[in-house]
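Overview (structure and organization)
Spelled out, the chains give:
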There are 2 protein chains.
Amino acid sequence: MRTTLILAISGSLRSASLNTTLLRAAARLAPFGMCIELFGELGMLPLFNPDIEATNPPAVANFRSRLLAADGVLIASPEYAHGITGAMKNALDWMVGCETFINKPVALLNASPRAVHAQASLKETLATMSARIVDEASIAVPVLGAKLDEAGIVSHPVISAALCEALREFQVAIAGYQAEDAAGGRVIA
Amino acid sequence: MRTTLILAISGSLRSASLNTTLLRAAARLAPFGMCIELFGELGMLPLFNPDIEATNPPAVANFRSRLLAADGVLIASPEYAHGITGAMKNALDWMVGCETFINKPVALLNASPRAVHAQASLKETLATMSARIVDEASIAVPVLGAKLDEAGIVSHPVISAALCEALREFQVAIAGYQAEDAAGGRVIA
């Protein structure tokens, strides 16, 4: 069985971002057979402008190829003023036209259980882009409330177990979709 | 009475944007005593990063001073994949920390009556930023459905009348807020 490659995207550009920390911890907790790579170039993307979409800017082309190569996408994005971050939405705006997210398995982690508006907006947009959102793998982890850093998350018995379980669910769901796709689509009984 | 200065912001960077077209038409229909200036530098803003917020990037400082000088803000922003545009949210993200929108009268035009998700997100974020959203001045105009350009909007009897009425409502609301603020806050009867 080949390794399942996951692209992890943090919706915050802050170097000490809790959501980025959560994704780094998830990468260390990835189950056997799964590799989680953090996408570090979200801040390199220009602001989305349909007029320059056809020119395929290098940062956009890089983002697209990283997504295409991934078996699944793991997103953790903060909430700014009850909304999705502009940086996260901007990245998704670039991918609407090229259909990179169609049928892509996506799990949504959340470093703040109170960030419900941004999470709902993100889910609505990804569903509109025809991503396969894996709810069983989408969990909120109280990183801020528990005052945890990356090592703290990895060594926390309850939180690390919840993350491991979410990642295993993600792996199972991805394998299921891949089997389905290989068989030529979902079988209607 | 001094002129009421309105900063108009389009959430699309596309040069032929319907929302920008709508704002240009609104500028031509502004009532006596109101001047509507289109903000043309949304695409100059860097992606919001809390780590560089304190450095006050020139494009951000310019946006902030234009907002501070305005008596009100008129926004028209499209919907991308059932969400606010990244470019629009990015601009707002920069203004959360500096409180530019606190008590600022805002009217939301909408060039597509079907763009309900983005409009709701925009409203939620602006309300969270303590803007005064003037509902009487916030109208949807079917620019796409009616296949209208700027001149077409200005000369359309029904649509131009609706826009003029919305702008007058905006002017009245702003004058009311200014009188209230000058009197030291809202009077509770």
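Residues numbered from 1 in each chain as written. Chains lettered and ligands numbered in written order. Predicted model: local features only at pLDDT ≥ 70, side-chain atom pairs only at ≥ 80, totals over all residues. Heavy atoms only, no water.

**With respect to helix α4 (residues 116-128) of chain A**
Residues and elements named next belong to chain A. The cut-off we apply is this: Each helix is a run of H or I in the DSSP string that is no shorter than four residues. Each strand is a run of E no shorter than two, and both are numbered from the N terminus. By definition here, a helix of n residues has an expected span of 1.5 Å times n minus one. Only protein chains enter the accessibility calculation, which uses a 1.4 Å probe; a residue whose area is less than 20% of its type maximum is buried, one above 50% is exposed, and one in between is partly exposed. By construction, the arc corresponds to the directions joining the helix axis to the C-beta atoms.
With 13 residues, α4 should cover 18 Å at 1.5 Å per step; its first-to-last C-alpha distance of 18 Å lies within 8% of that length. Taken residue by residue, α4 has Ala118, Gln119, Ser121, Leu122, Thr125 and Leu126 as its buried positions. All buried residues of α4 fall inside an arc of 165 degrees around its axis, so they share one side. Positioned one or two residues after α4, serine 130 has a phi angle of 65 degrees, which is positive.

**Here we look at empty space enclosed by the protein**
We apply this condition: Each cavity reported here is a set of points on a 1 Å grid over the protein atoms alone in which a 1.4 Å probe fits but cannot get out, each pocket an open set with protein on both sides within 12 Å along at least five of seven lines, and each lining residue one with an atom within 4 Å of a point. Grid points are joined across faces, edges and corners, and a volume is the space filled by probe spheres set on the points.
Tallied over the entire structure, the rule returns one cavity of 30 Å³ or more. Approximately 50 Å³ is the volume attributed to the largest cavity. Among the elements of the structure, β5 (83-84) and α4 of chain A together with β5 (83-84) and α4 (116-128) of chain B are those that each provide at least two residues to the lining of the largest cavity.

**Brief notes about the sheet that holds strand β2 (residues 34-39) of chain A**
Residues and elements named next belong to chain A. Basically, it comes down to this: In this scheme, strands are said to pair when DSSP sees at least two bridges between them. The contact criterion used throughout is that any non-hydrogen atoms of two residues lie within 4.5 Å. Lines fitted to C-alpha atoms define the axes, with helix axes restricted to the stretch in contact, and inter-axis angles between N-to-C directions lie between 0 and 180 degrees.
Pairing is parallel across the open sheet formed by five strands, whose spatial order is β2-β1-β3-β6-β7. The open sheet terminates on both sides in strands that have one partner only, identified here as β2 and β7 (132-133). Where strand β1 (residues 4-10) and strand β3 (residues 72-76) come together, five bridges link them in parallel fashion. In the strand pairing of β3, serine 10 is matched with alanine 76. Sheet contacts for α4: β3, β6 (105-109) and β7; angle to β6, the most-contacted strand, approximately 175 degrees. Against the sheet, helix α6 (residues 157-182) engages β1, β2, β3, β6 and β7, with an angle of about 165 degrees to β6.

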